[in-house]
Amino acid sequence: MAKILISAKHGTNNPTLATLPYIAAKTAKEQGHEPIIFLWDEATALARPGAADCIQGVNIKPLKEVLATVIEQQIPVWVCKGCALARGVDPDNMIPNAEIKEMGDFIRALAECDKNVEY
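Residues numbered from 1 in each chain as written. Predicted model: local features only at pLDDT ≥ 70, side-chain atom pairs only at ≥ 80, totals over all residues. Heavy atoms only, no water.

Per an unreviewed UniProt entry, the chain goes by tRNA 2-thiouridine synthesizing protein D and derives from Methylomarinovum caldicuralii.

Below, the structure is given as structure tokens:
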């Protein structure tokens, strides 16, 4: 099975694209793959507890439901340090499975993963 790095950059500015990385990670995990979600830009705001509660994309499950499954499946959610700090995300108060990472971590994972998907 494959290691898959899923990069996410959308937050409340685009509910559909904000949700798709989590759906992709959930699906990959269910198929036996090893996904990692990496949050960039506006997506880092979704690392705050409760931030996903009102996100509803077009013709897809609410992000709150998908995120609950991602957390239950223990899929890692990596959060860009600079992006998170710029958006006031508290590294000590994030959703389960989330941890702050830096560019070096992303590049290392990118080199080690079999596939990279960007939303």
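Asks: Looking at this structure, I do not really get the overall build of the chain. What am I missing?
Replies: Of the regular secondary structure elements, the chain holds 4 helices and 5 strands. Each helix (α) and strand (β) of the chain, taken in turn from the N terminus, gives the series β-α-β-α-β-α-β-α-β. For 119 residues, the compact-globule formula gives about 14 Å, and the C-alpha radius of gyration of the chain, at 13 Å, lands near that figure. Once the C-alpha set of the chain is aligned to its principal axes, its extents read approximately 35 × 30 × 20 Å. Within the span of the chain, comprising 119 residues, buried residues form 42% of the whole. (Helix = DSSP H or I, 4+ residues; strand = E, 2+ residues; numbered from the N terminus. Rg over C-alpha atoms; globule rule 2.2 N^0.38 Å. Buried < 20%, exposed > 50% of the residue type's maximum accessible area, 1.4 Å probe, protein only.)

Asks: Explain the nonpolar core to me, please; I cannot follow it from the model alone.
Replies: One broad rule of soluble globular proteins: the nonpolar side chains tend to lie buried together. Judged by nonpolar contacts, the single largest core of 27 residues is most densely connected at Y22, I37, L39, L63, V77 and V79. Elements represented by at least two residues in this core include exactly strand 1 (3-8), helix 1 (15-30), strand 2 (34-39), helix 2 (63-72) and strand 3 (77-80). Not counting the four nearest positions on each side in its chain, L39 is found in contact with A8, Y22, T44, A47, V77, W78, V79 and C80. F38, C80, F106 and A109 belong to the second largest nonpolar core, which has 10 residues in total. (Core = buried A, V, L, I, M, F, W, Y, C linked by side-chain atoms within 4.5 Å. Contact = heavy atoms within 4.5 Å.)

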